[in-house]
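Here is what each chain is made of, one letter per residue.
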Amino acid sequence: MWFLLLSAVAASNPPRVAELLSATPAHDRRRPLTVGAAITALVFIAAAGLGTQILELLELSDETWRIATGAVAVLAGARVVLAPLRPVPALGRDAHAVVPVAFPVMLVPELLLLMVLWGATEGFGASVVALAVAIGGVRLWGTADSGAVTRGFARLLAAFLVVVGIGLLVAGIRDV
Amino acid sequence: MKRVLAVHLALWLIGGAAFRIVVAPPEACPPVGAAGAHASAIAAGDWLVANLDGGGRFTYGYDRDTGEDNPDYSLVRHAGATMSLFQLVMAGEDRYLEPADRALGYLLRRQFEHADWSAVADRGSRARLGVTGFVIVALLMRRDATGDRSYDELSRRLGRFVVAQQESSGALLAFWDPDTERPLANAYGPFATGEALWALVELDNRFPGEGWWEAADPTFRYLASGTRERNEGYLARLPDHWAAYALEAAGPERLDNELVDFARRLAGYFSLRLRIEAQRTGEGLNLWVRWYPGPPAGVGTAAEGMAALWRLSTEETRLDDLEADMAERMACGAGTMAERQVTEGDVRTSPVREVGAWFYRGYTQVDDQQHVLSGLLGAAQSLERQEAKES
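Below is a short write-up of the structure.

The rules behind the values
- Residues numbered from 1 in each chain as written.
- Chains lettered and ligands numbered in written order.
- Predicted model: local features only at pLDDT ≥ 70, side-chain atom pairs only at ≥ 80, totals over all residues.
- Heavy atoms only, no water.
- Helix = DSSP H or I, 4+ residues; strand = E, 2+ residues; numbered from the N terminus.
- Rg over C-alpha atoms; globule rule 2.2 N^0.38 Å.
- Contact = heavy atoms within 4.5 Å.
- Areas by Shrake-Rupley, 256 points an atom, 1.4 Å probe, with all protein chains shown as cover.
- Lys, Arg positive; Asp, Glu negative; His and termini not counted.
- Charge placed at Lys NZ, Arg CZ, Asp CG, Glu CD.
- Buried < 20%, exposed > 50% of the residue type's maximum accessible area, 1.4 Å probe, protein only.
- Axes fitted to C-alpha atoms, helices over the stretch in contact; angles between N-to-C directions.
- Parallel < 35°, antiparallel > 145°, perpendicular 65-115°, else oblique.
- Left-handed = near helix turned anticlockwise from the far one by under 90°.
- Nonpolar A, V, L, I, M, F, W, Y, C, P; charged D, E, K, R; others polar.
- Pairing = 2+ DSSP bridges.
- Phe/Tyr/Trp six-rings, centres within 6.5 Å; stacked < 30°, edge-to-face > 60°.
- Lys NZ or Arg CZ within 6 Å of the ring centre and 35° of its normal.
- Disulfide = S-S within 2.5 Å.
- Polar contact = N/O pair within 3.5 Å; in protein donor to acceptor, adjacent residues only side chain to side chain.
- 1 Å grid on protein atoms, 1.4 Å probe; cavity = no way out; pocket = protein on both sides within 12 Å on 5 of 7 lines; lining within 4 Å.
- Points joined across faces, edges and corners; volume = space filled by probe spheres on them.
- Patch = residues over 30% accessible without salt bridge, like charges linked within 9 Å, V, L, I, M, F, W, Y side chains within 5 Å.
- Salt bridge = Lys/Arg side-chain N within 4 Å of Asp/Glu carboxyl O.

**Quick word on the overall build of chain A**
Then, in step 1: Helix and strand counts for chain A stand at nine helices and zero strands.
Then, in step 2: Reading chain A from its N terminus to its C terminus gives the helix and strand order α-α-α-α-α-α-α-α-α.
Then, in step 3: The C-alpha atoms of chain A give a radius of gyration of 16 Å, which matches the 16 Å a tight globule of 176 residues would have.
Then, in step 4: In terms of overall dimensions, chain A has a C-alpha envelope of 50 × 30 × 25 Å along the principal axes.
Then, in step 5: Here the contacts in chain A between residues at least 6 apart in sequence split such that 91% fall between residues at least 24 apart.
Then, in step 6: Split by element, the accessible area of chain A, about 7300 Å² in all, is 70% carbon and sulfur.
Then, in step 7: Considering chain A, the positive charge centre built from 12 side chains and the negative charge centre built from 11 side chains are found 13 Å apart.

Structure, rendered in structure tokens:
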């Protein structure tokens, strides 16, 4: 369960979200962030709930999906570590919850793949708990100020995501 | 914002397509039942028999595009194919006993004696550990199938050759040099060690209390601990299907946790190999990201290694959690290979050389049939068990 929680938090990367939304004052961020988080959560809950069916539809085993998720997590983590974080344009007070908050800032492929994986292998309940912690973290941290500390934590979590990805790759290779 | 949405949607679509094509192509598992897998193994056995001459020598390789035989020969591949014919006999197909004996005779005519042991080698060349290991296993399978014990003493003599090749670390030297009358130093074989280990364990099963297990155990440790890879210069752990046979032969009572972990690790490697194979179509973009469907011998080794571990898992409770997944991989591998097997309608140049065989880019070799046959026999066992449960 700890691995699920930590990997979900690393993939959602709350300080990265805060940094990307930092062009908007904190009090103007709250509403789109809340709505965007809710939309994102719905999509990911659906992904976790349909995990097994998605893998069957794609004709993939859990182990192959684990390897694929690991590869994507490594790339996504490395991108945040290495590439500059460019904030999205300032949000309107009551708008922009879907674009750009939910998509593309919060609805990241690495978390989507993780939710399908956890939904198929660890069960829906555990996946939703991990997701709730991750999205809660985004909602709480998402209004933080930009700065070196936020960027540093974002890169730290991204580095951890790389470790998670390598772990998934190794597990996928060793699993039967 | 519309522009942001369009750009990111396009990136998602491109990324999703790339993910599907490059990272996660579908694992296609053509359906096959126990009877189908067994029939496919029989067709491979028939290829081996049709390509075995009166002196017990196989056709080594064949190129279906040029219609030419490969004039080379490999004694260890001959020995492996002989063993797989005896596996068919053990599976109840008695008609393969005569050709299996003929192929075995080819090997036994090449045995020579030294001190208290015997080994097998072409005249004047180095005695090979792996060949001798296969001959032991074939002789013991023959013993089980026929009740004939006339080769018991020879089996022991061959076993003593294996023991004579053993180093204190458990490593087994692959060759014995007739010129120096000594094992060739620092020469190991990637597969010979597992082949000989399997022979030692099978010897212990037939002749308990004679010290064969005591010889096998250090070699098991040498493999399970990864010392082999460090000492012999391999970058990654070897997916050793012969070690899987040895683990199966050892059985649950003699496996401690280190050896059970070794079995689990091997099962993981075989599973990865079979999953990748299921993703290969050899067509279109898939060809560029997964290359051609793999060499049949390579796929077959994963299938037969998995089959050995699956049989072990049916008795070993510490592997219970893997049994269903192993069965699934075996069924997928069997379906894939049964579908790829050449039938009469696919013949290009020679029915005798092609029907029942598997080709890699137009070429087949005796060990292609050997390994896939063994994997299919294991899959047929697993599928039969599954069908019995469902009925």
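**Concerning the overall build of chain B**
Then, in step 1: When helices and strands are tallied, chain B shows 16 helices and eight strands.
Then, in step 2: Relative to the globule expectation of 21 Å for 391 residues, the C-alpha radius of gyration of chain B, 22 Å, shows essentially globular dimensions.
Then, in step 3: For the C-alpha atoms alone, the extent of chain B along its principal axes is close to 85 × 50 × 50 Å.
Then, in step 4: Sorting the 391 residues of chain B into buried and exposed places 54% on the buried side.
Then, in step 5: Sequence-distant contacts, at least 24 apart, represent 69% of the contacts inside chain B between residues at least 6 apart.
Then, in step 6: In the form shown here, chain B has an accessible surface area of approximately 16200 Å², with 52% of it arising from carbon and sulfur atoms.

**Thoughts on the packing of helix α3 (residues 75–90) of chain B against helix α16 (residues 366–390) of chain B**
Residues and elements named next belong to chain B.
Then, in step 1: For the pair α3 and α16, interaxial distance at closest approach is 9 Å and the crossing angle is 30°. One element, α3, and the other, α16, form an angle in the roughly parallel class. Read as a crossing pair, α3 and α16 show a hand that is left-handed. Residues R77, G80, A81, M83, S84, Q87 and L88 of α3 touch α16, and the partners they reach there are V366, D367, Q370, L373, S374 and L377.
Then, in step 2: Looking at the contact of α3 with α16 residue by residue, the class counts come to six nonpolar, five polar and two charged.

**Concerning the pairing of strand β4 (residues 117–120) of chain B**
Then, in step 1: By the alternation rule, side chains of β4(B) split into B:W117 and B:A119 and B:S118 and B:V120, which are all buried.
Then, in step 2: What sits between the antiparallel neighbours strand β3 (residues 111–114) of chain B and β4(B) is a turn of two residues, in which B:A115 has the positive phi angle 50°.

**With respect to the packing of aromatic side chains**
Describing an aromatic ring pair means giving the distance of the ring centres and the angle of the ring planes.
Residue and element names in this part refer to chain B.
Then, in step 1: In total, this model carries 16 aromatic pairs over all chains according to the counting rule given.
Then, in step 2: Their ring planes at 80° and their centres at 4.8 Å tell us that F134 and W242 sit as a pair that is edge-to-face. Of the two residues, F134 is situated in helix α5 (residues 129–146) and W242 in helix α10 (residues 241–250); the sequence distance between them amounts to 108 residues. Like W242, F134 is buried.
Then, in step 3: Here a set of aromatic residues connected by ring pairs shows up, and it is made of F112, W117, F161 and W176.
Then, in step 4: If you follow R57 out to its NZ or CZ, it ends over the ring of Y73, 3.9 Å from the centre.

**Some thoughts on the state of the cysteines**
All names here are of chain B.
Then, in step 1: Tallied over the entire structure, the rule returns one disulfide over all chains.
Then, in step 2: Put simply, C29 and C332 are joined by a disulfide, and their sulfur atoms are 2.0 Å apart. What sets the handedness of the C29 and C332 disulfide is the S-S torsion sign, and at about -80° it is left-handed. Taken together, the positions of C29 in the loop between α1 (2–23) and α2 (34–50) and C332 in helix α14 (residues 320–340) put the pair 303 residues apart, joining distant regions of the chain.
Then, in step 3: What makes C29 partly exposed here is its relative accessible area of 39%.
Then, in step 4: Given a relative accessible area of 9%, C332 falls into the buried group.

**Quick word on the side chain of B:D368**
All names here are of chain B.
Then, in step 1: Tracing the sequence through the fold places D368 in helix α16.
Then, in step 2: Of the polar contacts made by the side chain of D368, one reaches the backbone nitrogen of A297; its length is 2.9 Å.
Then, in step 3: Here D368 is in contact with P296, A297, W358 and Y363, once residues within four sequence places are set aside.

**A short note on the layout of surface pockets**
Then, in step 1: Roughly 1200 Å³ of internal volume is contained in the largest pocket.
Then, in step 2: As for the largest pocket, its lining consists of 38 residues, of which A:R79, A:P109, A:E110, B:L11 and B:W12 are closest to the centre.
Then, in step 3: No other element matches α1(B), which puts ten residues into the lining of the largest pocket.
Then, in step 4: For the lining of the largest pocket, the residue count by class is 30 nonpolar, three polar and five charged.

**What about helix α6 (residues 97–106) of chain A?**
Then, in step 1: Most of α6(A) is tucked away: nine of the ten residues are buried.
Then, in step 2: Listing the buried residues of α6(A) in full gives A:A97, A:V99, A:P100, A:V101, A:A102, A:F103, A:P104, A:V105 and A:M106.
Then, in step 3: For α6(A), the secondary structure elements touched by its buried residues are α2 (14–20), α3 (26–49) and α8 (124–141) of chain A together with α1 of chain B.

**Let's talk about a nonpolar patch on the surface**
Residues and elements named next belong to chain B.
Then, in step 1: On the surface, I21, V22, L285 and W288 cluster together into a nonpolar patch covering about 450 Å² of accessible area.
Then, in step 2: Mapped by element, the contributors of at least two residues to the nonpolar patch are α1 and α12 (284–290).
Then, in step 3: Mapping W288 onto the fold places it in helix α12.

**Some details on the pattern of salt bridges**
Then, in step 1: In this structure the tally under the stated criterion is 36 salt bridges over all chains.
Then, in step 2: Notably, a salt bridge pairs B:R329 with A:E63, separated by 2.8 Å at the nearest N-O pair. Here A:E63 lies in helix α5 (residues 62–82) and B:R329 lies in helix α14, a pairing that spans two chains. Each member of the pair, B:R329 together with A:E63, is buried.
Then, in step 3: For B:R228, the salt bridge identified is with B:E229, shortest N-O distance 3.3 Å. Summarising the burial analysis for this pair, B:R228 and B:E229 share the class buried.
Then, in step 4: Where salt bridges share partners, they join B:D116, B:E153, B:R156, B:R160 and B:E210 into one cluster.

**Some thoughts on the sheet that holds strand β5 (residues 127–128) of chain B**
All names here are of chain B.
Then, in step 1: Strand order in the open sheet formed by three strands is β5-β6-β7, and the pairing between neighbours is antiparallel. Two strands close off the open sheet at either side, each with one partner strand: β5 and β7 (182–183).
Then, in step 2: The pairing of β5 with strand β6 (residues 175–177) spans two bridges and is classified as antiparallel. Looking at the pairing, A127 lines up with W176 of β6.

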